[in-house]
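This is what each chain is made of:
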Amino acid sequence: MNNVSTCAECNDGDSQLPILEFPHTDSKISESQGGEDSPKSLVFNKGPIGMSAKMSNGISADSNSLVSAISVQNAGTEPLNPVSSIKSASFSSSQLIARRKLFAESQIGKSSFQKLLEPSLPQRPGIAPYRVVLGDVKEKLIKTRRRLELLLDGLPCDFDPSDYYETSEQLLEPLLLCYESLQSCGSVALADGRLADLIWRVATFGMTLMKLDLRQESGRHAETLDAITEYLDIGTYSEWDEDRKLEFLSSELKGKRPLVPQSIEVPSDVREVLDTFRVAAELGSDYLGAYVISMASNVRTASDVLAVELLQKDARLAVSGELGRMCPGGTLRVVPLFETVKDLRGAGSVIRKLLSIDWYREHIIQNHNGHQEVMVGYSDSGKDAGRFTAAWELYKAQEDVVAACNEYGIKVTLFHGRGGSIGRGGGPTYLAIQSQPPGSVMGTLRSTEQGEMVQAKFGLPQAAVRQLEIYTTAVLLATLRPPLPPREEKWRSLMEEISKISCQHYRSTVYENKEFLPYFQEATPQAELGYLNIGSRPTRRKNSMAITQLRAIPWVFAWTQTRFVLPAWLGVGAGLQGVCEKGHRDELHAMYQEWPFFQSTIDLIEMVLAKADIPIAKHYDEVLVSPSRQELGAELRKELYNTEKYILVVSGHEKLSENNRILRRLIESRLHYLNPLNMLQVEILRRLRQDEDNNKLRDALLITINGIAAGMRNTG
C-alpha cells in the first residue's frame, strides 16, 4: 500500500489532487481486544501529523495513508441496505457511527472496504484512492449509458454485467464507501457537500429519474386468460362467474409452476399483453411503478386485480427460468382504477373482497409493505354523470375504500386521476387536497398532472418548487388536521338529492336527447380535433361516433374552445334549484360555510361560470349550427343562466368570483385576446367544413386552439 498517494504527498503545491486536512486535535480510539479468531477491526490514532492505522491481527498500514481513515468494526448486525440507510439518515454523530458499523459489516461494506484498502494500482501508481474508486464509477456510468443507447436502438450489446450498473444500489455502493471514509477521517465538509447531494439524488431518483406506470384495460387481460384456458382445455375464462374466476386465480397464484406454455400460439392482441408482462418482469420495480387496470365494459371486480397478479407472476417465473436467477427488482404494485359511477359505487366492496383473500393480503404485506394503492378517475365519471354527481360519488368511494383498508389493517394511497380542467377534476391543488374525505390523505397522495398543466405548473424551476411546496403543505395539513366531515347526516341526504336530480338532468340532455350529439359536433371543433396532432391518444376509444366512445379529454376540450364549458356545470343548476325549492336554501348556505368539500365543489363551478361567455357560445351556434338545432343551444344557454343564479344563492355572493378578485381581473385582462381568437376560430371552422383538405386552414385552426386553451388556463 506504499504506492498509494497520501494527503501529505498531495500537499506539495504542484499536485492537482484534492488536499484534505485532518483535525489537529489529539484523540485516540482504543484497539479492540480479542484473540486470533476474534473479529478484525481497523482502529486509528489522530495526531497533529497524520494518522496511523493498525488491524487487530497486527498488520499495520502506512502512517499517513488516506485509506487508514476507515474504521471497520464487527457490530454483529444485519447487512445494511444503502438506499434505506440514505433515506433514513440524519447525519448526526451517534447515528453516523451506528450506520458506519452496519455498513462495514454488510457484504457490500466488506467488499467495498477491501477494494479501498487494497486498490489494484500497478497500472496507475500515485493516484489517490478516492480517484481510483470514483474513476471506476465514471467508467461504469459511461458504459451504462452506452448500453442503454444500444438497447434503445435495437443493436446487439455484449457488455459484461460487471462493466455497467443495473441498479441504484450498485451505484450507491462506491458513493457510500467514499462518504463513510471522508466522515471517518474528519473531512465532514467534503462528505456532506456535493457527495452527499449526489447520494441523495441517486437514492431518490435511482437509475431512471422517473418510473413509468403501465396501464391496460381489464378486458384485454380477460381475453389473454381466455386464450390460455382454452389452450389448456379447461374452458373459457370470461364465461365463468366471479367465484369460479377467484378460485382458479387463487389456486394458480399459490402454485410454483408457470401457467402459460412456451409453445402457445395466440392472436397478436394477446401476444402484445403477454409481451408487456415479460418486459415488466425483465425490468421490475426498479424501472416501473404501478400496473393500472383501467376501465372496461363491466364493473370492476376483484378478479380483475388477481388476473394481473397471475399474469405478472407467470412472466416472472418464465424470465427467471431463462436467466437462471431471480428477476431484478420486485413485482409491480397492481392498482385498480375506478372510473365510472357504477365502478365508484362498488369500489369499497371490491377492496374488501380482495383483502379477504389470504394470498392477496399476505402478498400486499410482504411485497408492498402492507400498502394498497387505489386509483379514482375524475374524467370518465364526470362525462358519465356530470360534474356534481361525479364529485359526490368520488367522495363516497374514497370514504369506503379507506374504511375497507382500515378493517384489514392495510395502509392506502389514493391515486387521483385528475385532468387540467374542472370538468376532469382539475382546479387549485391546495383546495382539492384540503377538501378530501377525512382520513383519505394519511401522509401519502398520488395525482396526475396532464397536458398543458405540466408546462404551466412545472415549466420553470421557481414555479415547480412552488407547486411542490403547495403539494407538501396540503398533504401535511390534511394528514395532521383532516378536513371536517359533514356536520350532520341531513347534509349527506341533501347531497344525495342534489346528485340524483343533477345526474338525471345531465343524462337526459347528453345521452337521451337525439339532437344533442349532432348539435355537439356542429357547435364545437370536436371533429376537427382528430385531424390535429395535439393529443397523445386517439379522440375515440373505438370507431364509433357515440359520446360513450369519446374520450373525456376531447369532450371537455371541445366545449372549452367555445367558452361554453358545458361538462363542468350541466345539471348543477337543476339539482340546486330542486333542493332550494323544497325549502333547504339556508341549509345549503350552511353547508357551503362549514363543509370544505361542498364549498370547494361550489367554488370550482363558480370559477368555471366566471370564465364562460354566453355571447361567444351563441355566435358559434349562429354560424356553425343548423337552424333546426339552434333551439337546443338556446335552451342550454338558459340553463347556464339558471346555474349561475343558484350558485350565487348557495354561496351568498352578489356576482361570480366575488371572493376571488385576482381571478376576476385575470379573466378580464385576457378577454381582449380571447374574443378575437374565438371570432377567428368560428370563421376558420366554417371555411374548413367546406374545404376539409385545406392544410392552411388546419394550421390556422391549430393556432386558435392553442391560443384559446392558453387563455382559459385550468379549464383548457
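Predicted model only: the values in this text are computed from it and were never measured.

Caption draft 1: Seen up close, the overall build of the chain. For the chain, the count of helices and strands is 30 helices and nine strands. Per-residue burial over the chain gives 49% buried out of 716 residues. Taken as a whole, the chain presents about 34,900 Å² of accessible surface, with 52% of it coming from carbon and sulfur.

Caption draft 2: Just the nonpolar core, in detail. One finds F516, W555 and F598 to be the most contacted residues of the largest nonpolar core, which totals 68 residues. The element best represented in this core is helix α28 (residues 630-651), accounting for seven residues. Non-local contacts of F598, meaning those with residues more than four positions away in its chain, are made with F388, M495, L588, M591, Y592 and V650. By size, the runner-up hydrophobic cluster in this structure holds 58 residues, among which are V260, L332, L355 and I410.

Caption draft 3: Spatial organisation of unusual backbone geometry. Unusually for a residue other than glycine, L209 sits at a positive phi of about 70°. For V565, which is not glycine, the phi dihedral falls at a positive 35°. In this structure, V565 sits in the loop between α23 (552-561) and α24 (572-580). A residue is classified by how much of its surface remains accessible, and V565, at 4% relative accessible area, is buried.

Caption draft 4: How the structure looks around the packing of helix α16 (residues 387-407) against helix α26 (residues 596-611). The contact between α16 and α26 brings their axes to 11 Å, and the two run at 155°. If you check the angle between α16 and α26, you find them roughly antiparallel. Taken as a pair, α16 and α26 cross one another with a handedness that is right-handed. Listed contacts from α26 to F388, A391, W392 and Y395 of α16 are F597, F598, T601 and I605. Of the residues that constitute the contact of α16 with α26, the class distribution is seven nonpolar, one polar and no charged.

Caption draft 5: The packing of aromatic side chains, seen in detail. In the structure shown here, the tally under the stated rule is 19 aromatic pairs. Between F520 and W555, the ring centres sit 5.2 Å apart and the planes meet at 65°, which makes this aromatic pair edge-to-face. You can see F520 sitting in helix α21 (residues 516-523) and its partner W555 sitting in helix α23, a full 35 residues away along the chain. Of the residues examined, F520 reaches a relative accessible area of 0% and is grouped as buried. Ring pairs connect the aromatic residues F516, Y519, F520, W555, W559, F564 and W569, which therefore count as one cluster. For the cation-ring pair, K245 lies above Y237, with the distance from its terminal atom to the ring centre recorded as 5.1 Å. Over the aromatic face of F415 sits the side chain of R446, whose NZ or CZ is 4.1 Å from the ring centroid.

Caption draft 6: Highlighting the sheet that holds strand β6 (residues 333-338). The sheet built from six strands is open, its strands ordered β4-β5-β6-β7-β8-β9 with parallel pairing. The open sheet is flanked by β4 (212-217) and β9 (446-447), the only strands paired with a single partner. Sheet topology note: the β6/strand β7 (residues 371-377) ladder contains two bridges and is parallel. Residue F338 lies in a different strand from β7, and its bridge partner there is V376.

Caption draft 7: Just helix α9 (residues 242-254), in detail. Its 13 residues give α9 an end-to-end C-alpha distance of 18 Å, which sits within 8% of 18 Å, the value for a rise of 1.5 Å per residue. Among the residues of α9, K245, L246, F248, L249, S250, E252 and L253 are the ones counted as buried.

Caption draft 8: Spotlight on the environment of N513. Turning to its location among the elements, N513 is positioned in the loop between α20 (489-510) and α21. Of the residues examined, N513 reaches a relative accessible area of 28% and is grouped as partly exposed. N513 sits 119 residues away from L632 along the chain, and the two C-alpha atoms are 9.7 Å apart. Excluding residues within four positions of it along the chain, N513 makes contact with S508 and L632.

Caption draft 9: Spotlight on α21. The buried fraction of α21 is high, at six of eight residues. Looking only at α21, the buried set comprises F516, P518, Y519, F520, E522 and A523.

Caption draft 10: Quick look at the environment of Q434. Following the sequence through the fold, Q434 ends up in helix α17 (residues 429-434). Expressed as a C-alpha distance, the spacing of Q434 and L476, which sit 42 residues apart in the sequence, is 10.0 Å. With residues near it in sequence (within four places) discarded, Q434 still touches A474, L477, A478, P483 and P596. Here the side chain of Q434 touches A474 through a polar contact of 3.1 Å, landing on its backbone oxygen.

Caption draft 11: Structural context of the packing of α21 against α23. Viewed as axis vectors pointing N to C, α21 and α23 meet at an angle of 60°, and their least axial separation amounts to 10 Å. Of the possible angle classes, the one that applies to α21 and α23 is oblique. Viewed along their axes, α21 and α23 form a crossing whose handedness is left-handed. Across the interface between the two elements, F516, Y519 and F520 from α21 touch W555, A558 and W559 from α23. Tallied by class, the residues present in the contact of α21 with α23 amount to six nonpolar, no polar and no charged.

Caption draft 12: Examining a nonpolar patch on the surface more closely. Judged by side-chain polarity, F205, L209 and M210 come together as a nonpolar surface patch covering roughly 330 Å² of accessible area. The residue L209 is located in the loop between α7 (188-205) and β4 in this model.

Caption draft 13: Geometry of the pattern of salt bridges. In total, this model carries 30 salt bridges according to the counting rule given. Across the pair R487 and E594 runs a salt bridge, and its minimum N-O distance is 2.9 Å. Taken as a pair, R487 in the loop between α19 (461-480) and α20 and E594 in helix α25 (residues 585-594) lie far apart in primary sequence, 107 residues in all. Look at E594 and you get partly exposed, because its relative accessible area is 34%. Note that D613 and R563 form a salt bridge whose closest N and O atoms lie 3.2 Å from each other. Here D613 is found in the loop between α26 and α27 (614-624), whereas its partner R563 is found in the loop between α23 and α24, with 50 residues between them in sequence.

Caption draft 14: Quick peek at the confidence of the model for the chain. Of the residues in the chain, 78% reach a pLDDT of 70 or more, and the chain-wide mean stands at 80. Predicted confidence is poor over residues 1-93, with pLDDT under 50, and the contacts of this stretch with residues over four places away or in other chains come to 169 contacts.

Caption draft 15: Expanded view of the side chain of R637. Inspection of the secondary structure assignment puts R637 in helix α28. Residues in contact with R637, not counting those within four places in the same chain, are F564, I614, A617, K618 and D621.

The rules behind the values
- Residues numbered from 1 in each chain as written.
- Predicted model: local features only at pLDDT ≥ 70, side-chain atom pairs only at ≥ 80, totals over all residues.
- Heavy atoms only, no water.
- Helix = DSSP H or I, 4+ residues; strand = E, 2+ residues; numbered from the N terminus.
- Buried < 20%, exposed > 50% of the residue type's maximum accessible area, 1.4 Å probe, protein only.
- Areas by Shrake-Rupley, 256 points an atom, 1.4 Å probe, with all protein chains shown as cover.
- Core = buried A, V, L, I, M, F, W, Y, C linked by side-chain atoms within 4.5 Å.
- Contact = heavy atoms within 4.5 Å.
- Axes fitted to C-alpha atoms, helices over the stretch in contact; angles between N-to-C directions.
- Parallel < 35°, antiparallel > 145°, perpendicular 65-115°, else oblique.
- Left-handed = near helix turned anticlockwise from the far one by under 90°.
- Nonpolar A, V, L, I, M, F, W, Y, C, P; charged D, E, K, R; others polar.
- Phe/Tyr/Trp six-rings, centres within 6.5 Å; stacked < 30°, edge-to-face > 60°.
- Lys NZ or Arg CZ within 6 Å of the ring centre and 35° of its normal.
- Pairing = 2+ DSSP bridges.
- Expected span 1.5 Å × (residues − 1).
- Polar contact = N/O pair within 3.5 Å; in protein donor to acceptor, adjacent residues only side chain to side chain.
- Patch = residues over 30% accessible without salt bridge, like charges linked within 9 Å, V, L, I, M, F, W, Y side chains within 5 Å.
- Salt bridge = Lys/Arg side-chain N within 4 Å of Asp/Glu carboxyl O.
- pLDDT = per-residue confidence, 0-100.

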